[in-house]
Amino acid sequence: MASKRLSNYQILECILEDDEESIIDSPDEDEGDDEVIQSDHNSESEESANETELEWSDDDNEPLSRHASKDSDSFYLSKKKCTKWAKEPPRTSVRVRRHNIMRETPGPKGAAKEIHTMSEAFFCMFSMDTVNLVLQQTNDYIKSIQGKFQRERDCKFLEYEELLAYLGLLYMSGVLRSSHLNFKDLWATDGTGIEFFQNTMSFNRFLFISRCVRFDDKNTRSERQKTDKLAAVREFTDLMNNNFINNYSASENVTLDEQLPAFRGRFSGVVYMPNKPTKYGIKHYALVDSATFYLLKFEIYAGVQPEGPYRMPNDTVSLVKRMTEPIWGTGRNVTMDNWFTSVPLTNTLLKDRQLTMVGTIRKNKPEIPTCFQPKRTRAEHSSLFGFQEDVTLCSYVPKKSKAVLLISSMHHDNKIVESEKKKPEIILYYNRTKGGVDTNDQMCANYNVGRRTKRWPMVIFYHLLNVAGINAYVIYKNKIDHGISRREFLKHLAVDLGKARQQTRATIPQLPRAVQKRLKRNAQVQDPSPTSRGGPSTTYKRCHICPRSKDKKIRFMCAKCHQQVCHDHSTMICDKCID
């Protein structure tokens, strides 16, 4: 009987199907009556050709190959026998791989490199184009409803200073953690209210602005909604996205995950996520710096979009490509959970986008070998590794009958940290970098500016204000004050945004006398930011005028140059005498 020539892959498949495999040496030419089909190679290559041939016996149909035995000892095969993983890691005595080298310097960039105040940091995120868009569309809506009001003063157009003051009140309410408090209590005049709110604008005016805030032209919205479910906020979100991307360069690790601002009203994009604290809401995909928690890019999920330019595929590979576009070719690492990860995505990011990836992976993926699955026979705290040219697969047993699967294109070894639980380095790296989006979400919730509303565009607006506050804080802390807390930053930012409106309001003669007195008193007080006026600093430093030999350290700093200066080289001047 003539023997059949099979590929290496078929050889491995035959061996794995037979648990009691036996490797038999190929018979000599003089033994047996079977005819052997030789390859077309010349006689000098007969020996190498025989190593890849497989002979079948009429008696037991058993494969005969030394090469197959060698492969089965060196590789794992996936459940569907479509993917091969080497048991041994590749050679490590090589120079640093190209995809592990970052090609950008992290930190503020563009206009964010030139900031000096908190307001400038905020306007890098909430740019003047964004302010003008909200101002114009809001006033267009106010104009359309003015006929419903009997008194003109109840429906006045929104001014620039007034819009900034409105944003300042929202941030101050977040600092006071009053997002679920009745806002009327903040304007209470019985001694329990907050003076800042009373000085900035009236309660009725605040409610009117909240009612009228718009982000697009209502007259053309119905036409745009035929191709875009997010037409009501599209221009606003695009501006915010561009501001986030253009003003900061992320560190070497970023996290991709989902956020869920709470909302249970009428909107086609509302989703239910039982693992999130809010359960129901408008899902956002977010790309966040794992070190500073700066949000680089977001994408709002609105379900399946109508046919048109905004209809994008929602599969995970396409989604990850869109979300990681700002960092293509930079050599960064992206950490994500098992909802996104797959072996094809890992290879695509590395080869086409020069990005590495670390993440958990689901056990039902076709590329996972069966021995990597949870089994009772696997020892607790044991690990298995599979290696390909650029990808590493890891299976770790935290406890009996459980297994955690991770995939990485950044790690290429089987390093295990010496500890009680013997966790692989891949798991520890994943744990260090996986919390970027969750931490950003928690920071939004700590000082949330959101209010209860039935309008889904306002939910997105409040959420992006929270994100803009975090991003502005990251930039300001990086460039100006490394020790300021986020609460102090938001508090001073709120005062800065409302200051111009308070000064204008102090000239209105119809205001109550108590409010006028407070406004005139506050109008003489300079910016409360610790870097904008003289006085005690938080740290002791040497006087910049005294010689070094004197080594005179002082807390007071100059109001103009913001450098420490001793009493011998300074003069006290009151606010009234300053020009």
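Residues numbered from 1 in each chain as written. Predicted model: local features only at pLDDT ≥ 70, side-chain atom pairs only at ≥ 80, totals over all residues. Heavy atoms only, no water.

As recorded in an unreviewed UniProt entry, the protein goes by PiggyBac transposable element-derived protein domain-containing protein and comes from Parnassius mnemosyne.

Undergrad: In this structure, what is going on with the packing of helix H5 (residues 128-145) against helix H10 (residues 234-246)? I would like to understand it.
TA: The packing of two helices is summarised by the inter-axis angle and the distance between the axes. Running from N to C, H5 and H10 point in directions that differ by 165°, and their axes come no closer than 10 Å. Judged by the angle between their axes, H5 and H10 are roughly antiparallel. The handedness of the crossing between H5 and H10 comes out as left-handed. Between H5 and H10, the contacting residues are Asp 129, Thr 130, Leu 133 and Val 134 on the first element and Glu 235, Phe 236, Leu 239, Met 240 and Asn 243 on the second. Considering only residue class, the contact of H5 with H10 consists of five nonpolar, two polar and two charged. (Axes fitted to C-alpha atoms, helices over the stretch in contact; angles between N-to-C directions. Helix = DSSP H or I, 4+ residues; strand = E, 2+ residues; numbered from the N terminus. Parallel < 35°, antiparallel > 145°, perpendicular 65-115°, else oblique. Left-handed = near helix turned anticlockwise from the far one by under 90°. Contact = heavy atoms within 4.5 Å. Nonpolar A, V, L, I, M, F, W, Y, C, P; charged D, E, K, R; others polar.)

Undergrad: Looking at this structure, I do not really get helix H8 (residues 203-212). What am I missing?
TA: Helical geometry: 3.6 residues make up each α-helical turn, so side chains three or four residues apart lie on a common side. Across the ten residues that make up H8, a large majority, seven, are buried. On its buried face, H8 is in contact with H5, helix H6 (160-175) and helix H15 (456-479). (Buried < 20%, exposed > 50% of the residue type's maximum accessible area, 1.4 Å probe, protein only.)

Undergrad: Explain the environment of Pro 108 to me, please; I cannot follow it from the model alone.
TA: Its place among the elements puts Pro 108 in strand E3 (residues 107-108). Here the alpha-carbon distance between Pro 108 and Tyr 476, two residues 368 residues apart in the chain, equals 9.2 Å. Among all residues touching Pro 108, those that are not within four sequence positions of it are Lys 113, Asn 247, Tyr 248, Ile 475, Asn 478 and Lys 479.

Undergrad: Got a minute to help me understand the pairing of strand E10 (residues 333-336) in this structure?
TA: Regular strands place their side chains on alternate faces of the sheet. Going residue by residue along E10, you find Asn 333 and Thr 335 tucked away on one face and Val 334 and Met 336 tucked away on the opposite face as well. Alignment of strand E5 (residues 253-259) against E10, held across four bridges, turns out to be parallel. Bridge pairing links Asn 253 to Asn 333 in E10. Tracing the backbone out of E10, into helix H12 (residues 343-353) and back to the parallel element strand E11 (residues 356-360) gives a crossover that is right-handed. (Pairing = 2+ DSSP bridges. Right-handed = clockwise from strand over helix to strand, strands pointing away.)

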